[in-house]
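Descriptive structure summary
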Amino acid sequence: MDGSVDFGRRWDEYRIGFGNVAFDVGKGHCETPGTMPLLIQKLEKAIQVQREGCQEPCKTTCPIPVVSGKECEDIFRRGGKDSQMYMIQPDSFYPPYKVFCDQSTQNGGWLLIQNRMDGSVDFGRRWDEYRLGFGNVAFDVGKGHCETPGEYWLGNNRISQLTKMGPTEVLIEMEDWAGSKVYAQYRQFTIQSETSNYILAINDYSGTAGNTFLEGSTQLYGENRTMTIHNGMMFSTYDRDNDNWTPGDPSKQCAKEDGGGWWYNRCHSANPNGRYYMGGAYTQHMAKHGTDDGVVWMNWKGSWYSLKTISMKIRPYFAPNNNRVVSQYTDSLEEQHAYVKETVDTVFPSNIRVLHGVLEKVRLKIQKLEKAIQVQREGCQEPCKTTCPIPVVSGKECEDIFRRGGKDSQMYMIQPDSFYPPYKVFCDQSTQNGGWLLIQNRMDGSVDFGRRWDEYRLGFGNVAFDVGKGHCETPGEYWLGNNRISQLTKMGPTEVLIEMEDWAGSKVYAQYRQFTIQSETSNYILAINDYSGTAGNTFLEGSTQLYGENRTMTIHNGMMFSTYDRDNDNWTPGDPSKQCAKEDGGGWWYNRCHSANPNGRYYMGGAYTQHMAKHGTDDGVVWMNWKGSWYSLKTISMKIRPYFAPS
């Protein structure tokens, strides 16, 4: 609306959101959508304006009740008996957030996790939006508090956390356009965490709507019915396909076809997050993809009737006749109270003193950073200039650029997919007739490769730099990023060339004419084949210094990618003390552990010893079938290009 916010942001900023939702122009409520000022100074000025305008206590037409709790049942017990918006805080380590509590249905205590009522909110959202939540929790219709729920999805992270606090039941209420109402209630309801793609576990049905989650659609029979059961399914969105409809085929995705995020099977018998159609009945011609993509509950109104309202509410489930359990709990309560009191009186004060010291150090570091930022700003009063221009020629990848006339080895812009922005890569246009795209490079140890999962996912390092010729013809140390590597290798048959040099100037290579990296949902599994070269076939054969099982456990083909904060190797899974990525210094397709370690620690001079290694392991830039475990290479690079089989 006014250009006050810079939208050229990083991935994480788009994932979490930025800008000002709205602001008040003097009418006492936020009716004007806003934007976030680009600079901190503008924020400080806005804060000062707010302070000057709020000498009297600020008022809102939708105040948050004073009573709060861990969830709505807790709020009910604390005296919050009105159905309206409240603040809850299930975990004291995370900030509180707003929810709508239904305190009248079945004795109250229900927390609304999903609501559809008028189609005002689009539920065809991305994975991150379903993860964090979206929509309007509640609004005021003139009574001075938010007693009317809006259309919203609470967020999979929050739903998962709430259902894992203890036994949980879910109530699904729905209404058709004639005013008839039914419900489905399940007394067991759990959502797993994001690492398992929010798998749904549900059981113990009662109600009048029909048991779609466990039985599927009663309109169907046999396998057709089975494939509409939702229990045990992973959550899917149009940009994260986890359904059972031909996995890996982008043309067959339930979330794209059916309009919303959900625990799709192949595809559904219930679709509460589907497209909202006014009036109820709709047809294939009205549907975007010709499928039953409405707000559907098939066992009540069939596939081609979109409900007027549907809501999902959860609360802790207390089994009948649990007096014995309560008695057992009460017996040990006094003992636990004594333990807690001792901890609060002695341990906590000591820990707090330590934390105060840590916070003081952090404060001093922040001051240094702020000073460094100020120095940078003062040094950049004039517009920054670059001596490293990007060539005009571009393409989908380096082979495409070569065919378009880009014959010099240097940095280029590529755009494999028109739906995503272009990015910089280094193209080697001289080796073996060119067309090679550099995905990894080590040459001087200037970049630390001991990185987190997200950094390997997005990429890091310096693509290229100028040594005085006016263009970036010298590659730097970098990792292109697993997301980009995966996308490039799945565009078609791909080969990889790995070139390396020791500290005496000798050079060897390993070439594989089949090279594919799967997506993040499978932890970037490596598939490689058809070796030729002079370096030794470590990826498929493992280390030739070893024999039997010891050799097998160094094969990299078929392995998932691991980093020190995401352990996917085969070395005692689940044991945090046995992680290859921690031991061996970088992210890689570790087995148990390696025969090649291109992303390991960089040692000058070649030979290194156990005493030099951080954990006493062979953590250098290693290619065991050439120089052994205790020799760290001077340079190593990985390049890919489309593979064209000989005619």
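Residues numbered from 1 in each chain as written. Predicted model: local features only at pLDDT ≥ 70, side-chain atom pairs only at ≥ 80, totals over all residues. Heavy atoms only, no water.

Digging into the overall build of the chain
- Helix and strand counts for the chain stand at 17 helices and 28 strands.
- Scored against the burial criterion, the 647 residues of the chain give a buried share of 43%.
- Sequence-distant contacts, at least 24 apart, represent 55% of the contacts inside the chain between residues at least 6 apart.
- With the model as given, the accessible surface of the chain reaches about 33,900 Å², and the carbon-plus-sulfur share is 53%. (Helix = DSSP H or I, 4+ residues; strand = E, 2+ residues; numbered from the N terminus. Buried < 20%, exposed > 50% of the residue type's maximum accessible area, 1.4 Å probe, protein only. Contact = heavy atoms within 4.5 Å. Areas by Shrake-Rupley, 256 points an atom, 1.4 Å probe, with all protein chains shown as cover.)

A closer look at the side chain of S160
- Structurally, the position occupied by S160 is in helix α5 (residues 156-163).
- The class of S160 is buried, set by a relative accessible area of 4%.
- Apart from the residues lying within four places of it in its own chain, the contact partners of S160 are I191, Q192, S193 and Y198.

Some points on the state of the cysteines
- Applying the stated criterion to the full structure yields 4 disulfides.
- Put simply, C398 and C427 are joined by a disulfide, and their sulfur atoms are 2.0 Å apart. Of note, the bridge from C398 to C427 carries an S-S torsion of about -75° and is left-handed in sense. Of the two residues, C398 sits in helix α11 (residues 398-403) while C427 sits in strand β17 (residues 423-428), which places them 29 residues apart along the sequence.
- Relative accessible area serves as the criterion here: at 0%, C398 is assigned to the buried category.
- On the accessibility criterion, C427 (0% relative accessible area) is buried. (Disulfide = S-S within 2.5 Å.)

Focus: the layout of surface pockets
- Size it by volume and the second largest pocket reaches roughly 1,100 Å³.
- Lining the second largest pocket are 34 residues, with I16, V21, G133, F134 and G135 sitting closest to its centre.
- Sorting the residues of the lining of the second largest pocket by element identifies α1 (11-16), α4 (127-132), β6 (134-135) and β9 (152-153) as the ones contributing at least two each. (1 Å grid on protein atoms, 1.4 Å probe; cavity = no way out; pocket = protein on both sides within 12 Å on 5 of 7 lines; lining within 4 Å. Points joined across faces, edges and corners; volume = space filled by probe spheres on them.)

Brief notes about a nonpolar patch on the surface
- Residues Y339, V340, V344, V347, F348 and I352 make up a contiguous nonpolar surface patch of about 560 Å² in total accessible area.
- Assignment of secondary structure puts Y339 in helix α10 (residues 323-379).
- Judged by relative accessible area, Y339 falls into the exposed class, the value being 58%. (Patch = residues over 30% accessible without salt bridge, like charges linked within 9 Å, V, L, I, M, F, W, Y side chains within 5 Å. Salt bridge = Lys/Arg side-chain N within 4 Å of Asp/Glu carboxyl O.)

Some remarks on the pairing of β17
- Summarising burial for β17: 5 of the 6 residues are buried, a large majority.
- One ladder, built from 5 bridges, connects strand β16 (residues 410-414) with β17; its direction is antiparallel. By the bridge assignment, I414 is partnered in β17 with Y423.
- Pairing of β17 with strand β18 (residues 436-442) involves 2 bridges; the strand directions are antiparallel. Within β18, the position partnered with D428 by the bridge is W436. (Pairing = 2+ DSSP bridges.)

Description of α5
- Listed in full, the buried residues belonging to α5 are N156, I159, S160, L162 and T163. Seen end-on, α5 carries its buried residues on one side only, within an arc spanning 165°. (Arc of directions from axis to C-beta.)

Digging into the side chain of T538
- Topologically, T538 is positioned in helix α14 (residues 538-541).
- On the basis of relative accessible area, T538 is assigned to the buried category, the value being 0%.

Brief notes about the nonpolar core
- Of all hydrophobic cores here, the largest spans 57 residues; its most connected members are L437, W479, L480, I498, F515, W589 and W623.
- Ranked by the residues each element gives to this core, the list is headed by strand β24 (residues 507-517), at 5 residues.
- With residues near it in sequence (within four places) discarded, W623 still touches I498, M500, A510, A535, G536, T538, F539, S595, A596, G628, L633 and I636.
- Counting 56 residues, the second largest nonpolar core, distinct from the first, contains I88, C101, F123 and Y130. (Core = buried A, V, L, I, M, F, W, Y, C linked by side-chain atoms within 4.5 Å.)

Re the confidence of the model for the chain
- Predicted confidence across the chain gives a mean pLDDT of 87, with 89% of residues reaching 70 or more.
- The low-confidence segment residues 53-60, where pLDDT is below 50, has 0 contacts with residues more than four positions distant or belonging to other chains.
- Note that pLDDT drops below 50 for residues 323-328; the model gives that stretch 0 contacts with residues more than four away or on any other chain. (pLDDT = per-residue confidence, 0-100.)

Section: the pattern of salt bridges
- Enumeration over the complete set of coordinates arrives at 32 salt bridges.
- Between E13 and R9 there is a salt bridge; the shortest N-O distance is 2.8 Å.
- Taking relative accessible area as the criterion, E13 reaches 23% and is therefore assigned partly exposed.
- Its salt-bridge partner being K627, residue D502 comes within 3.3 Å of it at the nearest N-O pair. Taken together, the residues D502 in the loop between β23 (494-501) and β24 and K627 in helix α17 (residues 624-627) connect sequence positions 125 residues apart.
- Note on D502: relative accessible area 3%, which makes it buried.
- What makes K627 partly exposed here is its relative accessible area of 30%.

Brief notes about helix α13 (residues 482-489)
- Among all positions of α13, only N482, I485, S486, L488 and T489 are buried. Relative to the axis of α13, the buried residues are bounded by an arc of 165° and lie together on one face.

As for the packing of aromatic side chains
- The full count for this structure, using the stated rule, is 36 aromatic pairs.
- Aromatic side chains W453 and F561 sit 6.4 Å apart centroid to centroid with 70° between the ring planes, which places their arrangement in the edge-to-face category. Here the residue W453 occupies a position in helix α12 (residues 453-458), and F561 occupies one in the loop between α15 (548-552) and α16 (580-584), the gap between them amounting to 108 residues.
- Assessed through its relative accessible area of 0%, F561 is described here as buried.
- Taking the ring centre of F76 as reference, the NZ or CZ of K81 above it sits at 4.8 Å. (Phe/Tyr/Trp six-rings, centres within 6.5 Å; stacked < 30°, edge-to-face > 60°. Lys NZ or Arg CZ within 6 Å of the ring centre and 35° of its normal.)

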